[in-house]
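Descriptive structure summary
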Amino acid sequence: MSAVELQNFESQLSLLSFAERLSIIDYLVKSMQDALQSGSYAQNLKKDWVDDLFALMDANPIDSNGQKWTREELYER
């Protein structure tokens, strides 16, 4: 959720009664707990960044023109 979305949510939340606010917060907490317990949220995060990394690597292939470096040279760069 971006900062603007959070600000909009907070402004809308201030218009509700105390009981309505509690029920919304309770719903959000339960949905977050369910997502964490199922593990699907964490698995999706892991999968997404790996796929993004491989897509980035595929889009930007590296060609050294046959030049090779020693380990020490790589650490210096």
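Source: prediction; values computed, not measured.

Across its full length, the chain carries 4 helices and 0 strands. Per-residue burial for the chain yields a buried fraction of 3% across its 77 residues. Accessible area for the chain stands at about 7400 Å²; split by element, carbon and sulfur atoms hold 58% of it.

This paragraph deals with the pattern of salt bridges. Counted by the stated rule, this structure contains 1 salt bridge. Lys 30 is the salt-bridge partner of Asp 26, the closest N and O atoms lying 3.4 Å from each other. Of this pair, Asp 26 and Lys 30 are both found in helix 2 (residues 18–38), 4 residues apart, which corresponds to roughly one turn of the helix.

For the chain, the mean per-residue pLDDT works out to 82, and 87% of the residues sit at or above 70. Confidence, read as mean pLDDT per element, is least for helix 3 (residues 40–59) in the chain (76) and greatest for helix 2 (87).

The rules behind these values
Residues numbered from 1 in each chain as written. Predicted model: local features only at pLDDT ≥ 70, side-chain atom pairs only at ≥ 80, totals over all residues. Heavy atoms only, no water. Helix = DSSP H or I, 4+ residues; strand = E, 2+ residues; numbered from the N terminus. Buried < 20%, exposed > 50% of the residue type's maximum accessible area, 1.4 Å probe, protein only. Areas by Shrake-Rupley, 256 points an atom, 1.4 Å probe, with all protein chains shown as cover. Salt bridge = Lys/Arg side-chain N within 4 Å of Asp/Glu carboxyl O. pLDDT = per-residue confidence, 0-100.

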